[in-house]
Amino acid sequence: MTPLHVIGGYLGSGKTTLVNRLLASADGRRVAVLVNDFGDIDVDGALITSADDDVISLANGCVCCSLADGLVEAFAVVRERADDLDRVVVEASGVADPASIVRFGVAAGFAVGRVVVVVDAETVRRRATDRYVGDTVLRQLEAADVCVVNKVDLVDAAEIVRLHDWLAETAPDADVIETVRCDLGWAVLDGDATEPGGSGFDHHDAHSTRTLEYDAPVDRAWLVAELEGLPDTVVRVKGVVAFTDDPDRAWSVQRVGGGLDLERLDIRPPERTRIVVIAAGPQ
Ligand SMILES: Nc1nc2c(ncn2[C@@H]2O[C@H](COP(=O)(O)OP(=O)(O)OP(=O)(O)O)[C@@H](O)[C@H]2O)c(=O)[nH]1
């Protein structure tokens, strides 16, 4: 049976970065990748830099529950081709419970592969104690066979020690790997995987999402000021935009913790600028 791997982890931890790393080093492996975004638009689909068609995007919510139907259909499509595939990889939404996705995968006839949970070294301990999103973060860690501690460039050595101590208690059975920009290869998926226990849980009340839309292109300084002015309850901003000063290129706009990150992409600009804003707590 073809193994199904879930790449989970809280919003902005580095899941898409890891998927891009894997796809860049696929080296003839036959892989199908399913990508799920929590917002209404498919930002991750645009940010995945795969050269072929084996990436299926599932936007419009979180596949571990509300869009389970979409996931089940996508699994059925991939299952048809399973004989030609070495692995199936699902990039979960940042609020998903990876164990739920594995359960759907088992029901669809895939073998249980390792669950990789990416954590943001800078924010994970704070998020884990947040009254609104803490349960989501802890649930994800509970499902991990491998915990990728990403963004270690953003924390000092003392915090890394504290993080390892904390993970030893919080995810005692998971292997722990430190990285910057998820600089890992396919070996991260190798090893024993645990069958998921428990049942789904409802995390949706903890997050709300909205989409900001503008006729492209937009003024860079104005957009930066708008996004930097968003309230502290906003846990994630991401979109693909065009700027008036560079109208022929797309830019990604991202915010996870503090600062805004703008990156020039190697693709044409979108017809409309659309940015997903995800907040934690009551709307
Ligand atoms: N400083 C730093 N930034 C990183 C690192 N890894 C990823 N990032 C940045 O963090 C932001 C989020 O990375 P993604 O890979 O999109 O995170 P994600 O988990 O897919 O995000 P969601 O799909 O929204 O949950 C991007 O701006 C990345 O460039 C890292 O190791 N260090």
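Keep in mind that what you see is a predicted model, and the values were worked out from it rather than measured.

Rules of the game
Per chain, the residues get numbers from 1 upward, laid out in the order the sequence is written. Where totals are concerned, whole chains, interfaces and linings use all residues; where local detail is concerned, this predicted model gives features only for residues with pLDDT of at least 70, and gives and counts side-chain atom pairs only at 80 or more. Calculation of side-chain values draws on the structure's entire complement of heavy atoms; hydrogens and water are dropped beforehand. One heavy atom within 4 Å of a molecule or strand is enough for the residue carrying it to be called near that molecule or strand. As used in this structure description, the phrase polar contact means that two N or O atoms lie within 3.5 Å; if the pair is within protein, one of them must be able to donate a hydrogen and the other to accept it, and residues adjacent in sequence are counted only when both atoms belong to side chains. All accessible-area figures derive from a Shrake-Rupley calculation using a 1.4 Å probe, and residue coverage is judged against the displayed protein chains alone. Going along the chain from the N terminus, every DSSP run of H or I of four or more residues is numbered as a helix, and every run of E of two or more is numbered as a strand. One less than the number of residues in a helix, times 1.5 Å, gives the span that helix is expected to have. Here's how the labels work: a residue is buried when its accessible area is under 20% of the maximum for its type, exposed when over 50%, partly exposed in between, all with a 1.4 Å probe on protein chains only. Summarising the geometry, the arc corresponds to the directions from the helix axis toward the C-beta atoms. The criterion used for residue contact is that any of the two residues' heavy atoms lie within 4.5 Å. Paired strands, in this sense, are two strands between which DSSP finds at least two bridges. To get an axis, a line is fitted to the C-alpha atoms, and for a helix only the part in contact is used. The angle between two axes follows their N-to-C directions and goes from 0 to 180 degrees.

Draft legend 1. Focus on the site of the ligand. Taken together, 21 residues surround the ligand, and among them Lys15, Thr16, Thr17, Arg181 and Arg236 come closest. At 3.2 Å, a backbone N or O of Ser13 approaches an oxygen atom of the ligand. Contact distances for the ligand include 2.5 Å between an oxygen atom and a side-chain N or O atom of Thr17. Considered on its own, the ligand offers 660 Å² of accessible surface; in the complex 93% of this is hidden by protein. For the shell around the ligand, the secondary structure elements donating two or more residues are α1 (15-24) and β9 (234-241).

Draft legend 2. Summary view of helix α7 (residues 157-170). With 14 residues, α7 extends 20 Å between its outermost C-alpha atoms, agreeing within 8% with the 20 Å of an ideal straight helix rising 1.5 Å per residue. Those residues of α7 that fall on the buried side of the exposure criterion are Glu159, Ile160, Leu163, Trp166 and Leu167. Viewed end-on, α7 has its buried residues packed into an arc of 125 degrees, placing them on one side of the element. Residues of α7 that are exposed and point more than 90 degrees away from the buried face comprise Ala157, Asp165, Ala168 and Glu169. Where α7 is buried, its residues touch α5 (124-128), α6 (134-142), β6 (146-150) and β7 (175-178).

Draft legend 3. How the structure looks around the sheet that holds strand β8 (residues 207-215). The strand order across the open sheet formed by 5 strands is β8-β12-β9-β10-β11, and the pairing between neighbours is antiparallel. Each edge of the sheet is formed by a strand with only one pairing partner; in this case those strands are β8 and β11 (260-264). Strand after strand, the sheet turns through a mean of 10 degrees between neighbouring axes, direction not considered. Where β9 meets strand β12 (residues 272-280), 6 bridges bridge the pair, whose relative direction is antiparallel. Paired with Lys238 across the strands is Val276, a residue of β12.

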